[in-house]
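So the chains spell out like this:
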Amino acid sequence: MSSTPVVVAIDGPAGSGKSSVSRAAARALGFDYQDSGAAYRALALSALERGVSTEDAAAVIASLDGFDYQIGTDPDDYFVRVDGTDVTDAIREPRVTAVVSHIARVPEVRSYLVDLFRGIIEASSRPGIITEGRDITTVVSPTAPVRILLTASEEARMARRSAELPGQAAGDVGRQLSSRDAQDSRVVDFMNAADGVNTIDSTHLDFDQTVAAVVELVQATRATT
Ligand code: DC
């Protein structure tokens, strides 16, 4: 592919469905898919495994030096590896979710990972790439031709997240989700759409309808550019 990939930037709060929606939309469009939250999670997991305190910003910054991270961008072959070890499932463990906001608020971590995400976007060999996270529409790819804020009511997000984690009490899942959003939104505003960003509110849409809304927006933009 010689032309530059179409960059689709998607932000949204926890439980908005952005990971599964972005991946399915990438599959439908034949695009790559990048889950940026996975890198924050992988770094948090790596700190936990190495005994680095996630609240010690200087130690977390020092750990970036040896951070060996790989992510699969094929929506049909998604994996996350750190130091060559598969951590695709481990990064979703509650112990990681509980501390990931600590490392995501460190500016040096953010700028390091923003560069990494941009490198992965540039390296895409498909016609496009969907990258999802919290600051993709505003910091990582503010000039992306398609920028989307995927939202849903807090009740809908709690119910969806709880269905994904059947082993955990719904009340605990809801409290963790709100507290993580509160911490994360102090660092980047992903609750309000920046200028030029399209909001898709999935509160009353099912999964397929939400994917279709994203795909339509991408196709409409491609038709006019
Ligand atoms: O989307 P997620 O829950 O896997 O993200 C994990 C954490 O990483 C989340 O608590 C906030 C942070 N994050 C971020 O600060 N910026 C991003 N672009 C993506 C994730």
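Residues numbered from 1 in each chain as written. Predicted model: local features only at pLDDT ≥ 70, side-chain atom pairs only at ≥ 80, totals over all residues. Heavy atoms only, no water.

**A closer look at helix α2 (residues 37–50)**
Compared with an ideal rise of 1.5 Å per residue, which puts 14 residues at 20 Å, α2 spans 20 Å between its outermost C-alpha atoms and is within 8% of the ideal. Burial analysis of α2 places 10 of its 14 residues in the buried class, which makes it a mostly covered element. Within α2, burial applies to Ala38, Ala39, Tyr40, Arg41, Ala42, Leu43, Ala44, Leu45, Ser46 and Ala47. Once α2 ends, the next one or two residues include glycine 51, with phi positive near 75 degrees. (Helix = DSSP H or I, 4+ residues; strand = E, 2+ residues; numbered from the N terminus. Expected span 1.5 Å × (residues − 1). Buried < 20%, exposed > 50% of the residue type's maximum accessible area, 1.4 Å probe, protein only.)

**Focus: the pairing of strand β2 (residues 32–35)**
Here β2 shows a buried face lined by Asp32 and Gln34 and a second buried face lined by Tyr33 and Asp35. Across 4 bridges, the pairing between β2 and strand β6 (residues 128–133) is parallel. Following the sheet pairing, tyrosine 33 is matched in β6 by isoleucine 130. (Pairing = 2+ DSSP bridges.)

**Thoughts on the sheet that holds strand β7 (residues 146–151)**
Reading across from one edge, β2-β6-β1-β7-β8 is the order of the 5 strands in this open sheet, with parallel pairing throughout. Edge positions in the sheet fall to β2 and β8 (198–201), since each has one partner strand and no second. Between one strand and the next, the sheet's axes are offset by a mean angle of 20 degrees, whatever the strand orientation. Both strand β1 (residues 6–11) and β7 contribute to a ladder of 4 bridges, which runs parallel. The partner of valine 8 across the bridge, within β7, is valine 146. (Axes fitted to C-alpha atoms, helices over the stretch in contact; angles between N-to-C directions.)

Keep in mind that these numbers describe shape and distance, not what the molecule does.
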